[in-house]
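Structural characterization, general
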Amino acid sequence: MRNYDKKYVSGSKSMLHGGDYNPDQWLDRPDVLADDVKYMQLAHTNAFSIGMFSWSSLESEEGVYHFEWLDDIFENIHQIGGKILLATPSGARPAWLSQEYPEVLRVNAERQKQLHGGRHNHCFTSKVYREKTQQINRMLAERYGKHPALLMWHVSNEYGGECHCDQCQSAFRNWLKEKYNNDLQSLNNAWWTPFWSHTYSDWSQIESPSQIGEKEVHGLNLDWRRFVTDQTISFYKDEIAPLREVTPDVPVTTNFMADTDDLIPFQGLDYSKFAKYVDVVTWDAYPAWHNDWETTADLAMKVGFIDDLYRSLKQQPFLLLESTPSQVNWHKVNKAKRPGMHLLSAMQMVAHGSDSIMYFQWRKSRGSSEKFHGAVVDHDNSTGNRVFQEVAKVGETLEKLNSVVGTNRPADVAILYDWDSNWALNDAQGFGMETKHYPQTLQQHYRTFWEKNIPVDVITKENDFMNYKLLIVPMLYLVSEETIARLKTFVANGGTLIMTYISGIVNENDLTYLGGWHSDLQEVFGINPIETDTLYPKDKNHVSYQNESYELKDYATILDMKGAKTEGMYLEDFYANTSAVTSHSYKNGKAYYIGARLDKAFHESFYSTLIEELDLEEDLPVKSGKSVSVQVRRDNKNDYIFIMNFTEKPQTVNFEKKVKDMITGEQLKGEMQLEKYGVKIGISPRQSTK
Ligand code: GAL
């Protein structure tokens, strides 16, 4: 079991509370800026991201700079003991820059050059844009690098998207030349280009994927997505070069995202690569709380999954950099958080590893597209309204949780999330075109552990597998020989591995493995999956497992048994009475294969058996039902226990051992009612050596 030392990854020993502050929208309203400073204290806030969209306020014309307003803001926040996450402004550029240097404008996949406007839309290759951002970043670093209020660099904002301009095409070709050692034939082989006569005879023929051009060469699509990640990181590395040079001790981050409404990890960039270049992972969470398609607990489970993925990227606490205190303005329906939900959702973030609760936005803008997005301070400029009061309550709570900062969540269980596999699988024309649902499937495997309060690391192939007792790799469609070898070693050394249908199908170039399943996988699992049946939504089939019948949907793999033991059998169709779920001992470990997409009840039963066998149950001092989540952060001395009611009804929880309430200081003992959306945070000396 890994042992974490406390790490103050943000550079602060206090929980951060605050958010995006855009004073540059109010420079002609000194009264508003004065109120801000007063209200920040009333809201118990202490950290602000500033300047992410301030380029035109900082440089109104090329070479004409205005830093005085920012100097004042630094002073104002410093006066109240606040900290600043200073943003670099590349997320949105001034009009003069696009006008003077049109190469910074993006070209879309249909090869149309975009006009100036919006944000998050610059070319990542443009030499001019890289130079311009470096210039302004250096000036910011030189001016504010030594300011005592500077806590961290917030680089740009939510990098994403892609550009298909000529410069990007040529950067892509260079990236490919490097990857394929200047050997076009090896690229042709990797991309299987003789198919439909797609063989390239010159590098210059290669173009990025497009609806009006090439979109069927899967190897090309995959390499393009990898290039987009690498090119974005390359842009970011250029952005941070002057910051590292001038302020080597100031941590650097950029805010990651999730895809909403069906809350899953962000699909556009491979964060497992990006995370190596940030000092602390930060992310922006906008779950659609109180939606009409899932329970609050179901959504909370998905939030927990993403938290556990983003925490595991660096195996250290992360920061929540944006969230809304009330509602957003871009969901299909922008519902207000019900009373109590703000504190609950904030504490869930902390429970899963966040050392901050930050908002978009401090104050609602008066005009433009985000004027109705939730904020700490509304258009009424009041500190008495419900939202402000709930924010202040979160602030007061966080002030009592400073000892949690830097603590982690050691886990024995890991689920493997893989961006490459997801991209390749979504591209695959086959299986069910609309039922692949890779991230959602992983969330379903995560569910039982979340419901049983067993910590999980959601890792990527960049992480070490050997840290875990149980490793779950659902739908690992794309897997390299190297990863197969690592999985084999994991089992050989005593690990328990779970794999499912549609795994181990293609290699890292998206080329299928030939001659049956990879021999190493056959050896470890004692099976050879020979056929995957895809089901229509109304098709029914069942699997018997431990004398119960469970419903399956979408996928059923037919297995050739090569020494594995049958754990579950198909009950219907032409593969009735053949194996659906298997287990196989390999050297010191064990490998299970789940051949079908089985329901919630199956996962609960299957994983409960394993949890018992592998002794994964946490020895928690408090017992509760399923929808009350109990999550623990830990240091060498204490467990910090977060008990959260994700239901609309009071729930009974039972403190079997005494726990001290970190907020009220009272001892929690015996049975108590946790109100609707209620949360308790307790501290208890370490119970176990886990
Ligand atoms: C984020 C973005 C913020 C703000 C927010 C609204 O994606 O970084 O600037 O637009 O969304 O929810």
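Above this text sits the structure in question.
The written sequence of each chain sets the order in which its residues are numbered from 1. Owing to the predicted nature of the model, reporting of local features is limited to residues with pLDDT of at least 70; listing and counting of side-chain atom pairs is limited to 80 or more, with chain, interface and lining totals taken over all residues. Excluded from the side-chain calculations are hydrogens and water; all other atoms, namely the structure's heavy atoms, are used.

Another aspect to go through is the overall build of the protein chain. Here a strand is any run of E in DSSP of at least two residues, a helix any run of H or I of at least four, and the numbering for each starts at the N terminus. Counting its secondary structure elements, the protein chain contains 17 helices and 30 strands. As defined in this context, the radius of gyration uses C-alpha atoms, and a globule is described by 2.2 Å times the residue total to the power 0.38. The C-alpha radius of gyration of the protein chain comes to 26 Å, within 12% of the 26 Å expected for a compact globule of 690 residues. When the backbone C-alpha atoms are referred to their principal axes, the protein chain occupies close to 75 × 75 × 45 Å. Out of the 690 residues in the protein chain, the part that is buried amounts to 61%. For the protein chain, contacts bridging at least 24 residues in sequence account for 74% of all contacts bridging at least 6. Only the protein chains shown count as cover for residues, with accessible areas throughout obtained via the Shrake-Rupley method and a probe of 1.4 Å. Carbon and sulfur atoms provide 48% of the accessible area of the protein chain, an area that totals close to 26500 Å². Whether a residue is buried, partly exposed or exposed follows from its accessible area with a 1.4 Å probe, protein chains only, as a fraction of its type maximum: under 20%, in between, or over 50%, in that order. In what follows, a contact means two residues having at least one pair of non-hydrogen atoms within 4.5 Å.

Attention shifts here to helix 14 (residues 438–451). Multiplying one less than the number of residues by 1.5 Å gives the expected span of a helix. Between the first and last C-alpha of helix 14 there are 21 Å, a value that for 14 residues agrees with the 20 Å anticipated at 1.5 Å per step. In the structure, helix 14 departs most strongly from a straight axis at His 445, where the bend amounts to approximately 30 degrees. Most of helix 14 is tucked away, with twelve of its 14 residues classed as buried. Those residues of helix 14 that sit buried are Tyr 438, Pro 439, Thr 441, Leu 442, Gln 443, His 445, Tyr 446, Arg 447, Thr 448, Phe 449, Trp 450 and Glu 451. Across the chain, bend at a residue is computed as the angle between axes fitted to the seven residues ending at that point and the seven starting from it.

Throughout this document, a residue counts as near a molecule or strand when at least one of its heavy atoms sits within 4 Å of that molecule or strand. Close to the ligand lie Phe 53, Arg 119, Asn 157, Glu 158, Asp 284, Tyr 286, Glu 322, Trp 330, Phe 360, Glu 370 and His 373, which account for all nearby residues. Definition of a polar contact: a pair of N or O atoms within 3.5 Å, with one able to donate and the other able to accept a hydrogen when the atoms are protein atoms, and with sequence-neighbouring residues admitted only if both atoms are side-chain atoms. The contact in question runs from an oxygen atom of the ligand to an N or O atom on the side chain of Glu 322, over 2.7 Å. One of the side-chain nitrogen or oxygen atoms of His 373 is found 2.6 Å away from an oxygen atom of the ligand. Protein burial of the ligand: of its 310 Å² of free accessible surface, 93% is covered by the chains. Among the residues forming the shell around the ligand, the class breakdown is four nonpolar, two polar and five charged. Lys, Arg, Asp and Glu make up the charged group, whereas Ala, Val, Leu, Ile, Met, Phe, Trp, Tyr, Cys and Pro make up the nonpolar group; the residues left over, Gly among them, are polar.

Below, the discussion takes up the pairing of strand 5 (residues 83–87). In terms of burial, strand 5 is a largely internal element, four of the five residues being buried. We treat two strands as partners when DSSP finds at least two bridges between them. As paired strands, strand 2 (residues 47–50) and strand 5 are joined by four bridges and run parallel to one another. Note on strand 5: the bridge partner recorded for Ser 49 is Leu 85. Pairing of strand 5 with strand 6 (residues 150–154), which is carried by four bridges, proceeds in the parallel orientation. Considered in strand 6, the bridge of Ile 84 is made with Leu 150.

This paragraph deals with the sheet that holds strand 11 (residues 282–284). Taken together, the three strands give an open sheet; going across it, the order is 8-11-12, and neighbouring strands pair in parallel fashion. In this open sheet, the two edge strands, each paired with only one partner strand, are strand 8 (255–256) and strand 12 (319–322). Of the pairings in the sheet, the one linking strand 8 to strand 11 comprises two bridges and is parallel in character. Residue pairing across strands places Asn 255 opposite Thr 282, the latter belonging to strand 11.

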